[in-house]
Amino acid sequence: SQWHIRYMRVERFSVVTEFAQNALSGFQTSNFKAWDFRFRYKISDDLWVGTRLSRSESLVGPQKSGTRFRIEAKYVF
């Protein structure tokens, strides 16, 4: 099993918004800070499952915040 704890801070003009992708925040791709907690468990050589919880909020301007919970899986064949 694996545990990951990450803190991310992306400044307001640090990325080109049109090209950015963000798995932590559903409301923006820059100008936010977030905590991300992830747990993965390997069931077999071909399969793992996990959960992910992210809590994010904006840095500058109108205050936005969000929480995202996901169940993830990966199967290799």
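Report on the accompanying structure. (Residues numbered from 1 in each chain as written. Predicted model: local features only at pLDDT ≥ 70, side-chain atom pairs only at ≥ 80, totals over all residues. Heavy atoms only, no water.)

Evaluated as defined, the whole model comprises 6 salt bridges. Between Asp-45 and Lys-42 there is a salt bridge, with its nearest N and O atoms 3.9 Å apart. Comparing Asp-45 with Lys-42 shows no difference in burial state: the two are exposed. Taking the shortest distance from any N to any O, the salt bridge between Arg-52 and Glu-72 comes out at 3.7 Å. Taken together, the positions of Arg-52 in strand β3 (residues 47-58) and Glu-72 in strand β4 (residues 65-75) put the pair 20 residues apart, joining distant regions of the chain. For Glu-72, a relative accessible area of 15% corresponds to the buried category. Connected via shared salt-bridge partners are Arg-6, Asp-36, Arg-52 and Glu-72. (Salt bridge = Lys/Arg side-chain N within 4 Å of Asp/Glu carboxyl O. Buried < 20%, exposed > 50% of the residue type's maximum accessible area, 1.4 Å probe, protein only. Helix = DSSP H or I, 4+ residues; strand = E, 2+ residues; numbered from the N terminus.)

To continue, consider a nonpolar patch on the surface. Where nonpolar side chains cluster on the molecular surface, the patch consists of Ile-5, Tyr-7, Trp-35, Phe-37, Leu-53, Phe-69 and Ile-71 and spans about 780 Å² of accessible area. Counting only elements with at least two residues in the nonpolar patch, the list comes to β1 (2-10), β2 (32-44) and β4. Using a relative accessible area of 70% as the deciding quantity, one classes Ile-71 as exposed. (Patch = residues over 30% accessible without salt bridge, like charges linked within 9 Å, V, L, I, M, F, W, Y side chains within 5 Å. Areas by Shrake-Rupley, 256 points an atom, 1.4 Å probe, with all protein chains shown as cover.)

Further remarks concern the side chain of Arg-38. By the secondary structure assignment, Arg-38 is in strand β2. We note that Arg-38 is buried and unpaired, the nearest opposite charge coming from Glu-72 at a distance of 4.2 Å. (Lys, Arg positive; Asp, Glu negative; His and termini not counted.)

Let us now look at the packing of aromatic side chains. Taken as a whole and assessed by the stated rule, the structure comprises 4 aromatic pairs. Arranged with centres 4.7 Å apart and planes meeting at 50°, the rings of Trp-3 and Phe-39 form a pair that is tilted. Residue Trp-3 is located in strand β1, and its partner Phe-39 is located in strand β2; the two are separated by 36 residues in the primary sequence. Given a relative accessible area of 24%, Phe-39 falls into the partly exposed group. (Phe/Tyr/Trp six-rings, centres within 6.5 Å; stacked < 30°, edge-to-face > 60°.)

From the geometry alone we can't say anything about function, so treat these as descriptive.
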